[in-house]
Amino acid sequence: MGTREKLVERFKKQPKDFTWDELVRLFSALGFELGNKGKTSGSRVIFTKGDNSYIAHKSHPGSIVKGYVMKQVLEYLSKLDLLK
């Protein structure tokens, strides 16, 4: 099992210690590009892949992704059928 597969499997388990860096790596491994919404974006970032995009807020003050964000991302990526 490669690094990508391990990361996807870890994410699917919805761990409580999943970090922002891991989330960025996950989206990148699934073919998304990271961007921001301009100078006034604050902590908002956008992940884009073709016509699909997902906007998220960077975790702060810590780097652990909130549980509700994990669930939303899981629903989004499952809907796109990318978590195989």
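Data block above holds the structure.
Keep in mind that what you see is a predicted model, and the values were worked out from it rather than measured.

Visitor: Can you help me understand the overall build of the chain in this one?
Guide: Within the chain one finds three helices and three strands. Reading the secondary structure of the chain in the N-to-C direction produces α-α-β-β-β-α. The C-alpha atoms of the chain give a radius of gyration of 12 Å, which matches the 12 Å a tight globule of 84 residues would have. The C-alpha extent of the chain, read off along each of the three principal axes, is 40 × 30 × 20 Å.

Visitor: Where do I start with the environment of V69 in this structure?
Guide: By the secondary structure assignment, V69 is in helix α3 (residues 67–79). Residue V69 is classed as buried on the basis of its relative accessible area, which comes to 14%.

Visitor: Explain the packing of aromatic side chains here, please?
Guide: What characterises a pair of aromatic rings is the spacing of the ring centres plus the angle enclosed by the ring planes. Under the criterion given, the structure shown has seven aromatic pairs. Ring centres of F27 and Y54 lie 5.9 Å apart, and the angle between their planes is 20°; this geometry places the pair in the stacked category. Taken together, the positions of F27 in helix α2 (residues 20–29) and Y54 in strand β3 (residues 52–57) put the pair 27 residues apart, joining distant regions of the chain.

Visitor: Sorry if this is basic, but what is going on with the sheet that holds strand β1 (residues 33–36) here?
Guide: Strand pairing in a sheet relies on backbone hydrogen bonds, with the paired strands running either antiparallel or parallel. The sheet built from three strands is open, its strands ordered β1-β2-β3 with antiparallel pairing. Two strands close off the open sheet at either side, each with one partner strand: β1 and β3. Taking each pair of neighbouring strands and ignoring which way they run, the sheet shows an average axis angle of 30°. Strand direction decides the pairing type here: β1 and strand β2 (residues 44–49), joined by four bridges, are antiparallel.

Cut-off values and rules
Here the residue numbering is sequential within each chain, running from 1 through the sequence in written order. The predicted nature of this model means local features are confined to residues of pLDDT at least 70 and side-chain atom pairs, given and counted, to a pLDDT of 80 or more, with totals for whole chains, interfaces and linings taken over all residues. For the side-chain quantities, the full set of heavy atoms in the structure was used; hydrogens and water were omitted. Secondary structure elements are taken from DSSP: a helix is a run of H or I of four residues or more, a strand is a run of E of two residues or more, and numbering for both begins at the N terminus. Atoms considered for the radius of gyration are the C-alpha atoms alone. The globule rule reads 2.2 Å times the number of residues to the power 0.38. Exposure categories follow from relative accessible area, calculated using a 1.4 Å probe and restricted to protein chains: below 20% of the type maximum is buried, above 50% is exposed, and the middle band is partly exposed. When two rings of Phe, Tyr or Trp (its six-membered ring) have centres within 6.5 Å they constitute a pair, described as stacked for plane angles under 30 degrees, edge-to-face for angles over 60, and tilted for the intermediate range. The pairing criterion is simple: DSSP has to find at least two bridges between the two strands. To obtain an axis, a line is fitted to C-alpha atoms, over the contacting stretch when the element is a helix, and the angle between two such axes runs from 0 to 180 degrees between their N-to-C directions.

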